[in-house]
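Structure at a glance
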Amino acid sequence: MSHESTRRRFIGVAGAGAIGLTAGCIDGLADELGTANDTDEDGEATDPNGNESDGGTGELDDSPSIDGGAVVFVYDDGPIEDYEQAFPVHQEFDAPASTGIVTEWIGREEFNGTDWMAVDHLEELADAGWEISSHTTAHTALGAFELVADAEPDDVRIYPEQRNHGFHHGYEIEITDGNERVRRTVVDSDEDDVGGYLEFDEPLGSSFQAGETVERYPEDVMHEFLGESKEELESLGFEVDTLLAPYDIVDERTVEIAREYYDGIANVRPGSMINDPDTFDPFETRRDYFVEFTSPEAVEAQLDQVAAQDALGILGAHTFKEEVTPERIRETLEWVVERDLEVLTLRDAIRATAGNGS
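Rules used in this analysis
Residues numbered from 1 in each chain as written. Predicted model: local features only at pLDDT ≥ 70, side-chain atom pairs only at ≥ 80, totals over all residues. Heavy atoms only, no water. Patch = residues over 30% accessible without salt bridge, like charges linked within 9 Å, V, L, I, M, F, W, Y side chains within 5 Å. Areas by Shrake-Rupley, 256 points an atom, 1.4 Å probe, with all protein chains shown as cover. Salt bridge = Lys/Arg side-chain N within 4 Å of Asp/Glu carboxyl O. Lys, Arg positive; Asp, Glu negative; His and termini not counted. Charge placed at Lys NZ, Arg CZ, Asp CG, Glu CD. Helix = DSSP H or I, 4+ residues; strand = E, 2+ residues; numbered from the N terminus. Buried < 20%, exposed > 50% of the residue type's maximum accessible area, 1.4 Å probe, protein only. Pairing = 2+ DSSP bridges. Axes fitted to C-alpha atoms, helices over the stretch in contact; angles between N-to-C directions. Parallel < 35°, antiparallel > 145°, perpendicular 65-115°, else oblique. Left-handed = near helix turned anticlockwise from the far one by under 90°. Contact = heavy atoms within 4.5 Å. Expected span 1.5 Å × (residues − 1). Arc of directions from axis to C-beta. Nonpolar A, V, L, I, M, F, W, Y, C, P; charged D, E, K, R; others polar. Polar contact = N/O pair within 3.5 Å; in protein donor to acceptor, adjacent residues only side chain to side chain. Core = buried A, V, L, I, M, F, W, Y, C linked by side-chain atoms within 4.5 Å.

The next thing to look at is a negative patch on the surface. Taken together, the side chains of Asp 67, Asp 276, Asp 278 and Asp 310 define an acidic patch exposed on the protein surface. Tracing the backbone through its elements, the reader meets Asp 310 in the loop between helix H7 (296–308) and strand E17 (312–317). For Asp 310, a relative accessible area of 39% corresponds to the partly exposed category.

Right under this line is the structure:
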């Protein structure tokens, strides 16, 4: 693969302002500008810039392609390290990426051990072809967790299998066994002799059995996390088409609600980066970390699979972590180049595989 990425070819066709347009938007843009396809000397249809077209279907030959295999880099959370460490290395390779932004963290300083990208940083990334994705309003886990201990009406604590929902106090949680349903506000979370717990502002008022009950965010709160995040980012001028789920936690209910706002989720099935482009469903994506939790040998082996299968690989990283260095990012991009793989944003990968999945 040359360092002229698919992103650059797309900009050459549609102009820098077209980054983030869907295939259907390209048709509308041409109509609005009053342009029409011409033909070249061989009689092939071309767009107004002289690039070959398919004759008016709206799918230009220079639109994103994963023929021969492609990869998507999706970075988590929006720390300043995305801008200071990952961005310069990606620029060396003219390779875009997607970054999941927690809207309440934009521009914060000395928070959770680092600073967080401000709007001007995000604008520079977007201008360079990066995709700005939603990572919810407050980095909240979107799935449900089963209770591992029975709960009685007088209890103010419940014990879920994971206490991710205890990381954020002040939100309401829904406890339900499918029949009974109560909402309580989380005011504390920790561990005691029973295990990890969520503590509420008042007793449950009902009994719930372990193994038959889950705790989750109510539907209206889920819409707040997903809808308001997208709305806020778009109010800042960004095209937002995809979601990155915090903590890699996604369930069917999450997907159902997310479909109302997004064209895909980057990390529905974590643990492998390999996605079959012929059956690609942007709400069944596989993503794996390319520095954390894995070895260079394992990453290279998966990239070999991407190349051998003409597959789509989705890779992730938290750039604020000590082990995620510019050198490791550069090394991974060099492996991508060696295997002649394209580098796309998640948005463009979805466009490239539109109609292929279920």
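Text resumes after the structure shown.
Strands sit in the order E6-E11-E8-E9-E10-E7 across an open sheet of six strands; the sheet is antiparallel. What marks the edges here is a single partner per strand, and that holds for strand E6 (145–146) and strand E7 (157–158). Looking at chain direction, E7 and strand E10 (residues 196–200) are connected through two bridges and run antiparallel. The residue bridging Arg 157 from the neighbouring strand is Glu 199, located in E10.

Now for the packing of helix H3 (residues 80–92) against helix H8 (residues 326–338). At a closest axis distance of 9 Å, the pairing of H3 and H8 adopts a crossing angle of 30°. Judged on the interaxial angle alone, H8 and H3 are roughly parallel. Seen from above, H3 lies across H8 with right-handed handedness. Two secondary-structure elements touch here, H3 through Gln 85, Ala 86, Val 89, His 90 and Glu 92 and H8 through Pro 326, Ile 329, Arg 330 and Leu 333.

The end-to-end C-alpha distance of H7 is 18 Å, a good match for the 18 Å that 13 residues give at a rise of 1.5 Å each. Of the residues making up H7, those classed as buried are Val 299, Gln 302, Leu 303 and Val 306. One side of H7 holds all its buried residues, which, seen down the axis, span an arc of 100°. Facing away from the buried side of H7 by over 90 degrees, the exposed positions are Glu 297 and Ala 308. Elements in contact with the buried residues of H7: strand E3 (70–75), strand E15 (274–275), strand E16 (286–289), E17 and H8. Just past H7, the residue Asp 310 takes up positive phi, approximately 50°.

Further remarks concern the packing of H7 against H8. Packing of H7 against H8 leaves a shortest axis separation of 10 Å and a crossing angle of 30°. One finds that H7 runs roughly parallel with respect to H8. As H7 runs across H8, the sense of the crossing is right-handed. Mapping the contact onto sequence places Pro 296, Val 299, Glu 300 and Leu 303 in H7 and Arg 328, Thr 332, Trp 335 and Val 336 in H8. Looking at the contact of H7 with H8 residue by residue, the classes come out as five nonpolar, one polar and two charged.

Examined against the element boundaries, Arg 253 turns out to sit in helix H6 (residues 252–258). Here Arg 253 is buried and forms no salt bridge, its nearest opposite-charge partner Glu 174 lying at an N-O distance of 4.3 Å. Within the structure, the side chain of Arg 253 is placed 2.8 Å from the backbone oxygen of Tyr 217, a separation counted as a polar contact. When residues no more than four places from it in sequence are discounted, the contact partners of Arg 253 are Glu 174, Arg 216, Tyr 217, Pro 218, Glu 219 and Met 222.

All right, on to the pattern of salt bridges then. Inspection of the entire model under this criterion finds 18 salt bridges. Of the charged contacts in the structure, one is a salt bridge between Glu 199 and Arg 157, with a shortest N-O distance of 2.9 Å. Of this pair, Glu 199 sits in strand E10 while Arg 157 sits in strand E7; the two residues are 42 residues apart in sequence, bridging distant segments of the chain. For Arg 157, a relative accessible area of 27% corresponds to the partly exposed category. Among the ionic pairs, Glu 174 bridges to Arg 181, the shortest N-O distance being 3.4 Å. By relative accessible area, Arg 181 is classed as partly exposed at 45%. Counted as one network, the salt bridges with shared partners bring together Glu 300, Asp 304, Glu 338 and Arg 339.

Turning our attention to the pairing of strand E8 (residues 172–176). Burial analysis of E8 places four of its five residues in the buried class, the great majority of the element. Following E8, the chain reverses through four residues before pairing antiparallel with strand E9 (residues 181–191); Gly 178 in that reversal takes a positive phi of roughly 95°. Sheet topology note: the E8/strand E11 (residues 214–216) ladder contains three bridges and is antiparallel. Opposite Thr 176, over in E11, you have Val 214 as the bridge partner.

In this section: the side chain of Thr 213. In this structure, Thr 213 sits in the loop between E10 and E11. Classification of Thr 213 by relative accessible area gives buried; the value is 1%. Within the structure, Thr 213 has its side chain in polar contact with the backbone oxygen of Gln 209 (distance 2.9 Å). Beyond its immediate sequence surroundings of up to four residues, Thr 213 is in contact with Phe 145, Glu 146, Leu 147, Ile 175, Thr 176, Asp 177 and Phe 208.

One finds Val 71, Phe 73, Tyr 75, Ile 265 and Phe 290 to be the most contacted residues of the largest nonpolar core, which totals 67 residues. Per element, the largest residue contribution to this core is five residues, and it comes from helix H5 (residues 219–235). Those residues in contact with Phe 290 that sit more than four places away from it in its chain are Phe 73, Tyr 75, Val 299, Leu 315, Gly 316, Ala 317, Arg 328, Ile 329 and Thr 332. Within the second largest apolar cluster, 13 residues are counted, among which are Ile 314, Leu 344, Leu 346 and Ala 349.

Scope: geometric values only; no functional claims are made or implied.
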